[in-house]
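# A structural walkthrough
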Amino acid sequence: MNNRTVVLNAARMNYDGKLDLSVLSSQVTQYEATDEADILARVQGQNIVVTKELPVRGEILARFPDSVKLICEAGTGYNNLDVDAARARGITICNIPAYSTQRVAHTAIMMILNLSSSMQRQQAMLTRGDRSNFTRFLQVDHTEVNGKILGIVGAGHIGREVIKIGLALGMKVLAYNRSPRPDEEGVHFTSLEEVLRNSDYVSLHCPLTPQTRHLIHAETLALMKPSAFLINTARGALVDEPALIAALKAGRLAGAGLDVQETEPPQPDSPLYEMEQVILTPHMGWKGLETRQRLVTILAENISHFLGGDPIHVVS
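Below: a short report on this structure.

Cut-off values and rules
Residues numbered from 1 in each chain as written. Predicted model: local features only at pLDDT ≥ 70, side-chain atom pairs only at ≥ 80, totals over all residues. Heavy atoms only, no water. Phe/Tyr/Trp six-rings, centres within 6.5 Å; stacked < 30°, edge-to-face > 60°. Helix = DSSP H or I, 4+ residues; strand = E, 2+ residues; numbered from the N terminus. Buried < 20%, exposed > 50% of the residue type's maximum accessible area, 1.4 Å probe, protein only. Lys NZ or Arg CZ within 6 Å of the ring centre and 35° of its normal. Pairing = 2+ DSSP bridges. Axes fitted to C-alpha atoms, helices over the stretch in contact; angles between N-to-C directions. Contact = heavy atoms within 4.5 Å. Parallel < 35°, antiparallel > 145°, perpendicular 65-115°, else oblique. Left-handed = near helix turned anticlockwise from the far one by under 90°. Salt bridge = Lys/Arg side-chain N within 4 Å of Asp/Glu carboxyl O.

### Regarding the packing of aromatic side chains
What the rule picks out here adds up to one aromatic pair. Ring centres 5.5 Å apart and planes at 15° place the aromatic pair Tyr 201 and Phe 229 in the stacked group. Residue Tyr 201 is found in strand β9 (residues 201-204), and its partner Phe 229 is found in strand β10 (residues 229-232); the two are separated by 28 residues along the sequence. A relative accessible area of 2% means that Tyr 201 is categorised as buried. Geometry around Tyr 31 places Arg 42 over its ring, the cationic atom sitting 4.0 Å from the centre.

### Side note on the sheet that holds strand β8 (residues 187-189)
Spatially, seven strands are ordered β8-β7-β6-β9-β10-β11-β12 in an open sheet, and the strand pairing comes out parallel. A single partner strand is all that each edge strand has here, and the edge strands are β8 and β12 (278-280). Taken pair by pair, the neighbouring strands of this sheet meet at an average axis angle of 15°, ignoring direction. Two strands pair when backbone bridges link them, and strand β11 (residues 255-258) and β12 are joined in this way by three bridges, in the parallel orientation. Among the inter-strand pairings, Gly 257 is bridged to a residue of β12, identified as Ile 279. The strands that helix α4 (residues 101-116) touches are β6 (149-153), β9, β10, β11 and β12; relative to β10, the one it contacts most, it runs at about 155°.

### A word on the packing of α4 against helix α7 (residues 157-168)
With their axes 9 Å apart at the nearest point, α4 and α7 run at an angle of 50° to one another. When the axes of α4 and α7 are compared, the pair comes out oblique. Every pair of crossing elements has a handedness; the one defined by α4 and α7 is right-handed. Within the contact between the two elements, α4 uses Thr 101, Gln 102, Val 104, Ala 105, His 106, Ala 108 and Ile 109 and α7 uses His 157, Ile 158, Glu 161, Val 162, Ile 165 and Gly 166.

### Structural notes on the pattern of salt bridges
Under the defined criterion, the tally for this structure stands at 13 salt bridges. A salt bridge links Arg 12 to Glu 53; its shortest N-O distance comes to 2.4 Å. With Arg 12 in the loop between β1 (4-7) and β2 (27-30) and Glu 53 in the loop between β3 (48-51) and α2 (58-61), this residue pair connects regions lying 41 residues apart in the sequence. Arg 12 gets classed as partly exposed once you look at its relative accessible area, which sits at 27%. Close ionic contact of Asp 84 with Arg 87 constitutes a salt bridge, the shortest N to O distance being 2.9 Å. Pair noted here: Asp 84 and Arg 87 are both in helix α3 (residues 83-88), with a separation of three residues, about one helical turn. One salt-bridge network, in which partners are shared between bridges, spans Arg 12, Lys 52, Glu 53 and Glu 264.

This is the structure in structure tokens:
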């Protein structure tokens, strides 16, 4: 089988030029970015298409040339691709599971620890020249995480890594998973409602599907404690952002840590940029150099296995 490979939006993963994407196959064409209008022209004559969170609608996939046999999504989530349309064209889709498990889990834990000590507020005070935390008693909330309840929504690779670290920090864990699981030492699996009602920190780790879009909305946010924090390092659209902003402004939620947003980057006038109880980061969980190097290695393995007739990480 031919291995002509095109990377449609290389800059999404290789934004600093430190990755060698030529290792993917012996014939690699790279584009820094690709508009929807250019997708069909750029996949002509190619056998393997690599995307990173690039939306490819079913109408476009249906017009892919017969030469394309494999689409590699360079990430864990593949909601940007129309799986049914690819299947109808006989195109295999594979993804990259677990390449960023630890780094994303560490991002979630980083947000929990920072929110528990109002770190973003402390740094903002210093930025505006306010040093009163040093000269008077501490002016911001500063609480322990040990003994607190960590709620996990989605106990896959990343969710389980967050559970492991949470337990090591002395937290109690409630978890909701779409596939029921028996309790484990230190972890009680229960309903989403119970997780939301009882957790001090709720961390989202589920894929984005039609069923999970806006899983967190006005009604589910109302279940949470006013003292609780919401952490999202999964997909921005899991959360109804206007509903979250309203809850934060009304004091119905203590704060949020958002490494992902519904629109990335958020609109310039988004209140999230200015809210002192929010930690906002630019989908950085997967962007570490080591993490991205691991991504490229697994991408190359996906392609090699497919060409050898032994496809791995197939989602279609």
